[in-house]
Amino acid sequence: MPQRPVKAAKHPVQLDQVSHDHGLHTTWDDAVEAFLREKRRMGLSPATLEQYRYVLAGVRIRQYLADAGITTAAEFKAESLRDFESQLQEAKLSPGSVQGYHVTIKNFARFCLGRGMAEDRDVLEVKAPKRSKTAPGVISPEDEEKLLKAAKTPRDRFIVKFLLGTGLRRSELLKLTLDDIVASPDGFYVHVHEGKGGKDRMVPLDSKKMGTNLTTAYREYLLHGRPQNTTQTALLLTSRKKGPDYKPLATNGLRSMLRRLEQETKVECNPHRFRHTYGTRMIQAGVQPFAVQRILGHTTLDMVSIYVHYDTTSLFDSVN
C-alpha cells in the first residue's frame, strides 16, 4: 500500500532565523572574547590586544553597561555609543583617549554585525568627537635638562634619554631585552619586535643630523645603572630585588617614575609626549618624512604631519 505523502508543516522552522536570534543573545563578554580571539588569529600584537581588552572590558565600559542595563552586544546601539562617549568627556578624558574608545568600539561593533551578534548598523555611522587641532606638546631642551637633573638614579636618567632619543611607545620600551640592542657597521640599533600593527622595525641609537649619541648613554647605563648580579635579560629592571632577583620594569613602575619627575619639575612627561618630541626633532633636523614614518612605525605619511611644527624663524627660512 503506497505511503501517503508527508504534509509540510504550516510554519516550517527557519534555521537561519533561529541562528540569527541566538546570535543576538550573545552576551557582551562572550562577544568581546570572540572579537579578541579573531584579532589574535589575525596576528595583532599583544599590546594591541591588551588595549582592546582594556577598552571593551575595562572599568569604564563595565560601569556604563551596568548603569544602562546592557548585557548583550546587540543591546549596545548607536545611541549607546554617543551616551558613553559623552560620559568619557564629562570625566575629563583627553580627546585622544575618547577617540581611542570610539575607534575600538566601532571596530568591535563591525565584528558583531558581521557575526550576527548585533543588528543596529547605525552605530557605524556615529561620528567621532572632534579632536583639538592644537599641536601636541614638545619637551624643550630646557625641560629635558630639568628632567635629567630630577631623575634620581642612572636608570631613570637613561629612560628619559632613551625615550627622547628613540620615540618608542611605552609597551615597546618595556618589552626590550639586552638582545634587542643590535650592533651593526652603521652603529647600534634598537630592534623593536611586534610594534603597533605587529610590525618589526629598527631604530638607530645615534644620529649625526640630530646630534644624538645614545650608544654612550646605553653603555653607561649597563655599567652604572643596570644591576650586575641578575639573570634577567630585560633591558629595564626594578630598582630593588623582588625575591631572589630583580624583575623587569612594569607599566606601573614606569608610570610612577614619570609621575614623580612631572611633580618635581612641573614638566608634563609621558611616553606619548616623548614620542612627539622625538618625531618633531627629526623633522626639524631635516630627516626625510619617509624615514620618520619608518623609524616611528607609523602606517601612513599622514601621521607624520603632526610633527611638522613651524615657528616664525622656520617660516621665514622656508621662503627666503
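Residues numbered from 1 in each chain as written. Predicted model: local features only at pLDDT ≥ 70, side-chain atom pairs only at ≥ 80, totals over all residues. Heavy atoms only, no water.

(A) Main features of the environment of Ser80. Tracing the chain through its elements places Ser80 in helix H5 (residues 78-90). When its relative accessible area of 9% is taken as the criterion, Ser80 is described as buried. Along the backbone, Ser80 and Leu65 are 15 residues apart, and their C-alpha atoms lie at a distance of 9.1 Å. Once residues within four sequence positions are removed from consideration, Ser80 is found in contact with Tyr64, Ile70 and Glu75. (Helix = DSSP H or I, 4+ residues; strand = E, 2+ residues; numbered from the N terminus. Buried < 20%, exposed > 50% of the residue type's maximum accessible area, 1.4 Å probe, protein only. Contact = heavy atoms within 4.5 Å.)

(B) Representation of the sheet that holds strand S3 (residues 201-204) within the structure. Across the sheet, three strands lie side by side as S1-S2-S3; this open sheet has antiparallel pairing. The outermost strands of the open sheet, each flanked by one partner alone, are strand S1 (181-184) and S3. Direction aside, the axes of adjacent strands within the sheet are offset by 40° on average. Alignment of S1 against strand S2 (residues 187-192), held across four bridges, turns out to be antiparallel. Bridge pairing in S2 links Ala183 to Phe188. (Pairing = 2+ DSSP bridges. Axes fitted to C-alpha atoms, helices over the stretch in contact; angles between N-to-C directions.)

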